[in-house]
Amino acid sequence: MVQNPTRRAVLGGAAALAALAVTAAPAAAGTAEWPTEFPLPDGWLPEGIAIGAKPYAYFGSRGNGGIFCVDLRTGEGRILYAGAAGQIAVGLKIDRDGLLYVAGNTGVARVHDSRTGEIVRAFQLSEATGHFVNDVSLVGDRAWFTDSRAAQLYSVPRGRDGAVRTLPLTGDWVQLPDVNNANGIVSAPDGRGLIVVKSTPGELYHVDPRTGAARRITLTGQADVANGDGLWRIGRTLYVVQNRLNKVSVWHLDAGATTATLTGTITDPRFDVPTTAARFGNRLYLVNARFTTPPTPETTYSAVAVSL
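Residues numbered from 1 in each chain as written. Predicted model: local features only at pLDDT ≥ 70, side-chain atom pairs only at ≥ 80, totals over all residues. Heavy atoms only, no water.

> Help me understand the sheet that holds strand E17 (residues 194–198) in this model?
Within a sheet, adjacent strands bond to each other through the backbone by hydrogen bonds, running parallel or antiparallel. Taken in spatial order, the five strands of this open sheet run E15-E19-E18-E17-E16, and their pairing is mixed. A strand with exactly one partner marks an edge of an open sheet, and here the two such strands are strand E15 (170–171) and strand E16 (182–187). (Pairing = 2+ DSSP bridges. Helix = DSSP H or I, 4+ residues; strand = E, 2+ residues; numbered from the N terminus.)

As structure tokens, then:
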């Protein structure tokens, strides 16, 4: 792990946040020599990661909704958005226009300019109490958000203002009380449906975005995807980050996403409760949320890359 002796806690004020830069060892030209691990700010409380067409990764903070940007070529980072009291950033996705969509379990979704960090839009998806807006996926002309504490999804128009749509989940979906249900979300291989992981007890669902009908996907080769968190899909290969199990399970989906067959498991000694993942080139980048470590302003955090 690359360490920076000048790192310091960043949650104490906007001035300190804006001034902070976390630096890893420089990488030589060529993706193979880019760093495979780099530090995030002390005390950052990360959970989500987003990577776009350019080699920059964005990490949200559960502590204050801030956003930290890292150059994947060097591991150097800076505070893009300092956050504010009462804000939270969990799931993130970035589109081709450089708009960063942020899920926050205060019931608010934010859209940031990824170059400046400026908030360009905000949507009130739900009330704060009794809800946990957790992750986001960009599908077609809408951004879709999960709610871990309510049997519904939300969608907002991409790149413009518009009404929030609330989609109740029906069909095979059974909401369990007092635990996190819907978590990660991605598009289905056909580009029209949605795939949602249910963290407890550990299931995958195909959701029709028109009706909300949820069909449980049959898993073969493994009993469940317990502690399923972030999802990433490449073609018909689905990567499920199983946070507290410190692994990523790899599944092959059939054409209709009715069945998922386990084809492999990715583990790494550097994993420390990874929550979400994003791809760049032939690598999968994951953020270590360290849920099992009591957080302090001095707690260290990192992101790691594994080969696909």
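Alright, that's what it looks like, and here's the rest.
> Just to check I follow, could you spell out the pairing of E16 for this structure?
Put simply, side chains in a regular strand alternate between the two faces of the sheet. For E16, the tally of buried residues reaches six of six residues, placing the bulk of the element in the interior. Taken together, the four bridges between E16 and E17 define a ladder with antiparallel strand orientation. From the neighbouring strand, Val186 faces E17, where its bridge partner is Ile195. Counting the residues that bridge the hairpin from E16 to E17 gives six residues, and of these Gly191 lies at a positive phi of roughly 80°. (Buried < 20%, exposed > 50% of the residue type's maximum accessible area, 1.4 Å probe, protein only.)

> What am I meant to see in the pairing of strand E6 (residues 77–81) here?
Counted residue by residue, E6 has four buried out of five residues, so it is predominantly covered. Relative to E6, strand E5 (residues 67–71) runs antiparallel, the two sharing four bridges. Across the sheet, residue Ile67 finds its bridge partner in E6, namely Tyr81. Hairpin remark: E5 followed by E6, antiparallel, with five residues in the connecting loop; positive phi at Gly75, about 85°.

> Quick question: what am I supposed to make of the nonpolar core here?
The nonpolar side chains of a soluble globular protein tend to be buried with one another. Of all hydrophobic cores here, the largest spans 33 residues; its most connected members are Phe59 and Tyr285. Sequence-distant contacts of Tyr285, that is, excluding residues within four places in its chain, are made with Trp34, Pro35, Phe38, Ile49, Ile51, Leu72, Thr276, Ala277, Ala278, Phe280, Val304 and Ala305. Core analysis: the next-biggest nonpolar cluster, separate from the first, contains 17 residues, Ala109, Leu125, Val136 and Ala143 among them. (Core = buried A, V, L, I, M, F, W, Y, C linked by side-chain atoms within 4.5 Å. Contact = heavy atoms within 4.5 Å.)

> Help me understand the packing of aromatic side chains, please; the structure alone is not making it clear to me.
In this description, a pair of aromatic rings is defined by centroid distance and the angle of the planes. Counted according to the given criterion, the structure contains five aromatic pairs. Three or more aromatic residues joined by ring pairs make a cluster, and in this case those are Phe38, Phe59 and Tyr285. (Phe/Tyr/Trp six-rings, centres within 6.5 Å; stacked < 30°, edge-to-face > 60°.)

> What should I look at first to understand unusual backbone geometry in this one?
The bulk of non-glycine residues show a negative phi, and the bulk of peptide bonds are trans. For the bond from Thr200 to Pro201, the omega torsion is 10°, close enough to zero to count as cis. Non-glycine residue Leu45 carries a positive phi angle of around 55°. With respect to the helices, strands and loops of the structure, Leu45 is situated in the loop between strand E2 (37–40) and strand E3 (46–51). Positive phi outside glycine occurs at Asp178, with the angle close to 65°. Examined against the element boundaries, Asp178 turns out to sit in the loop between E15 and E16.

> What should I look at first to understand the sheet that holds strand E21 (residues 228–234) in this one?
The strand order across the open sheet built from five strands is E20-E24-E23-E22-E21, with neighbouring strands paired in mixed fashion. Every other strand in the sheet has two partners, leaving strand E20 (218–220) and E21 as the edge strands with one partner each. Across this sheet, the average inter-strand angle for adjacent strands is 30°, counted without regard to direction. Where strand E23 (residues 247–253) and strand E24 (residues 259–266) come together, six bridges link them in antiparallel fashion. (Axes fitted to C-alpha atoms, helices over the stretch in contact; angles between N-to-C directions.)

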